[in-house]
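Read off the chains here:
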Amino acid sequence: MASALFAGIASTPAPASASGDEETIFDPGTAILAEGVDARVRDLLEMNAIGADVVRVVVPWRSIAPTPNAHNRPQDFDASDPADYPDGAFAGLDQTVRGARVLGMGVLMTPSAPIPDWAGATGNSTVDEPIPSEYQAFVEALGRRYSGSYGRDATHFPGCPLLLCPSPSDHSPIPRVNRWAMWNEPNIGVFLGPQFKNGHPYSPILYRRLYLAGRDGLADSGHRSDQVLIGETATSGGRTGINPLDFARGLFCMDSRFGPDHPCDPLQASGFAHHPYGYSTPPQLLSPNRNLIDLANLSRLNRLMARAYEVGATSSMLDVYITEFGVLSRPHPVGFSPIRQATDMAAAEYLAWRNPDVAAFGQYLLRDDPPQNAIVFTSGLRYADNSPKPLRRSFPLTLLVRRISRGSVHLWGHARPAGGRVHASVWIKRTGRSPVFLRAVRTDSQGYFEFDAPFRRGLRWGARSLLDDGRTLQGPFLPSIRFRLPH
């Protein structure tokens, strides 16, 4: 079967990815920290099966801290000592870190809001005026716990699978985390406040202090050489926040002409993290809101990073890490059809892959938020009831079919779980008819392929790939789309 399937394999030049070995970061949402053991195992196994390289975990400070509603920090509480935190506070996090490590995935840990009341200067807010020294202590506690030499790995209890909990005789330490990002979406008031003071942007100044404090906390806990991302900015500032370019300028002490505004020491970071959602605008199209930094105009953020390094605001040229992204599907009010979600996600990844200064592509949500949540995202690979969308099949084997002329299309694909060169095949299909084999290809060393083919109206295209471990990936049949590539 396999030999017949790939008998017509063509000699296809390996695509030269501008981003090189772009990694996949998967953010399942903070639900993974709160759900039960069986669900946590299920989610980690699924993320691994579909080709995630790194699991992003936003750590809500308030959910781990003692007496989070208190105005004052508890007496005799050492916030930098993980042993001083409430029993079980780290259980979900420990198990997520261990499970990812066992499966060969990295962990990107993002200590963030909401904050305990006592950790803010106001003493009565979950986001306002976080005290940098308190944040430093919290990050140090995380760094000490996930140093690779702390304590015993995840307390064993009956019924806990070995993927998440060690056997009673296993006294190995908790696994190490060596990837970090400071705060989630600090340019919007939902996560950090106040955004303005006396009519002037304030959150970039506050975030700079928090970022430096967090780095000191990592250094104090033995993580001085780890990967540390700065930014984690939302796609726009919304109505009350600060747009990402303005936020980055303030963070890097740059003026409106992108020159030095006032003397600041250069910031050291491993990259700038951003969440380039388009929301109601497909990712391959420019949004009417020019202040929104999405995938279609991400090069504006790349240019700012180059300029920041040029003027000495950063100690190195920072690549952009897309640590959170997704395309909303129905029933969200501005969501797309399930097939369109899969098609637009392919376009989004293609744009990120073409950008030479993008180091990672991130997906937010494995499963849609429950409809009763205050904020509902429907960017998951599955609906809230766990039933799969077409995106669940297309994410591991992404295929984009882009119209490039009246009579031709450009096909680009990524066999994400491949881990090397694999065979893939592309099929075409008309409504009501059986699929017809179009072409067989061999991916490059990162699992990518691309080629041109004739265009015919009414066709849909689908891809299959046979992995070395015997699994077969089968993506859905998707329509072609037409869009201009950004400069």
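Residue positions within a chain follow its written sequence, with the count starting from 1. Where totals are concerned, whole chains, interfaces and linings use all residues; where local detail is concerned, this predicted model gives features only for residues with pLDDT of at least 70, and gives and counts side-chain atom pairs only at 80 or more. Only hydrogens and water are set aside; all other atoms, that is, all heavy atoms of the structure, feed into the side-chain values.

(A) Quick peek at the overall build of the protein. For the purposes of this entry, the term helix denotes a DSSP run of H or I that reaches at least four residues, the term strand denotes a run of E that reaches at least two, and both are numbered from the N terminus. A count of helices and strands for the protein gives 11 helices and 17 strands. If one aligns the C-alpha atoms of the protein with their principal axes, the spans along those axes are about 70 × 60 × 40 Å. Each of the 487 residues in the protein was classed as buried or not, and the buried ones make up 58%. Note on contacts: a residue pair qualifies if any of its non-hydrogen atoms lie within 4.5 Å across the two residues. Across the protein, every contact between residues at least 6 apart in sequence was considered, and the portion connecting residues at least 24 apart equals 70%. Relative accessibility decides the category of a residue: with a 1.4 Å probe and only protein chains considered, values under 20% of the type maximum give buried, values over 50% give exposed, and everything between is partly exposed.

(B) Focus on the confidence of the model for the protein. A score from 0 to 100, pLDDT tells how confident the predictor is in each residue. In the predicted model, the protein carries a mean pLDDT of 93, and the fraction of residues at 70 or more is 95%. Note on residues 1–17: pLDDT under 50 across the span, and 31 contacts to partners over four residues away in sequence or across chains.

(C) How the structure looks around the state of the cysteines. Disulfide assignment relies on a single distance test, namely cysteine sulfur atoms paired within 2.5 Å. Inspection of the entire model under this criterion finds two disulfides. Cys-253 shares a disulfide with Cys-264; S-S distance 1.9 Å. Across the S-S bond of Cys-253 and Cys-264 the torsion is about -75°, and the bridge reads as left-handed. Linking Cys-253 in the loop between helix 8 (244–251) and strand 8 (271–274) with Cys-264 in the loop between helix 8 and strand 8, this pair joins segments that are 11 residues apart in sequence. Taking the relative accessible area as the measure of exposure, Cys-264 reaches 28% and is therefore partly exposed. Sequence-ordered numbering of the bonded cysteines in the protein gives a pairing of 1-2, 3-4.

(D) Molecular detail of the environment of Leu-251. Examined against the element boundaries, Leu-251 turns out to sit in helix 8. Taking the relative accessible area as the measure of exposure, Leu-251 reaches 0% and is therefore buried. Among all residues touching Leu-251, those that are not within four sequence positions of it are Pro-204, Tyr-207, Arg-208, Ile-230, Leu-267 and Phe-272.

(E) Local environment of the packing of aromatic side chains. Only Phe, Tyr and Trp rings are paired, with Trp represented by its six-membered ring, and only when their centres lie within 6.5 Å; those with planes under 30 degrees apart are stacked, over 60 edge-to-face, the remainder tilted. Here the structure, examined in full by the defined rule, presents 24 aromatic pairs. Judged by centre distance (5.5 Å) and plane angle (65°), the rings of Tyr-85 and Phe-90 are edge-to-face. Given a relative accessible area of 3%, Phe-90 falls into the buried group. Relative to Trp-183, the ring of Tyr-135 lies with its centre 5.1 Å away and its plane at 65°, an arrangement referred to as edge-to-face. A residue pair is termed long-range when its members are at least 10 positions apart, and Tyr-135 in helix 6 (residues 132–145) and Trp-183 in the loop between strand 4 (179–181) and strand 5 (196–197) qualify at 48 residues.

(F) Seen up close, the sheet that holds strand 11 (residues 397–405). Spatial strand order, 11-12-15: three strands in an open sheet with antiparallel pairing. Edge positions in the sheet fall to strand 11 and strand 15 (448–454), since each of these pairs with one other strand and no more. For this sheet the average axis-to-axis angle between neighbouring strands, irrespective of direction, equals 20°. Relative to strand 15, strand 12 (residues 408–415) runs antiparallel, the two being bridged by seven bridges. Across the sheet, residue Gly-413 finds its bridge partner in strand 15, namely Phe-449. To get an axis, fit a line to the C-alpha atoms, keeping to the stretch in contact for a helix; angles then go from 0 to 180 degrees between the N-to-C directions. Contacting strand 11, strand 12 and strand 15, helix 10 (residues 338–354) runs over the sheet at an angle of about 80° to strand 11. DSSP-based pairing: two strands are paired if at least 2 bridges between them are found.

(G) Representation of the sheet that holds strand 8 within the structure. Spatial strand order, 1-2-3-4-7-8-9-10: eight strands in a closed barrel with parallel pairing. The average angle at which neighbouring strand axes cross in this sheet is 30°, direction not considered. Bridge count between strand 7 (residues 227–233) and strand 8: four bridges; the pairing is parallel. Across the sheet, residue Leu-229 finds its bridge partner in strand 8, namely Gly-271.

(H) Fine view of the environment of Asn-184. Relative to the helices and strands, Asn-184 is located in the loop between strand 4 and strand 5. Taking the relative accessible area as the measure of exposure, Asn-184 reaches 6% and is therefore buried. Through-space distance from the C-alpha of Asn-184 to that of Phe-258 is 24 Å; in sequence the pair is 74 residues apart. Identification of polar contacts relies on pairs of N or O atoms within 3.5 Å, with a donor-acceptor requirement for protein atoms, meaning one able to donate a hydrogen and the other able to accept it, and with residues adjacent in sequence counted only if both atoms are side-chain atoms. A polar side-chain atom of Asn-184 sits 2.8 Å from a polar atom in the side chain of Arg-56.

(I) Up close: the packing of helix 3 (residues 37–49) against helix 5 (residues 91–102). Closest axis-to-axis distance for the helix 3/helix 5 pair is 10 Å, and the angle between their directions is 30°. In the packing of helix 3 onto helix 5, the handedness of the crossing is right-handed. Here helix 3 contributes Val-37, Arg-40 and Leu-44 to the contact with helix 5, which in turn contributes Gly-92, Gln-95, Thr-96, Gly-99 and Ala-100. Any residue that is not Ala, Val, Leu, Ile, Met, Phe, Trp, Tyr, Cys, Pro, Asp, Glu, Lys or Arg is counted as polar, Gly included; the first ten are nonpolar and the last four charged. Of the residues assigned to the contact of helix 3 with helix 5, the class counts are three nonpolar, four polar and one charged. By the definition used in this description, the sense in which the near helix is turned from the far one sets the handedness, with an anticlockwise turn below a right angle giving left-handed and a clockwise turn giving right-handed.

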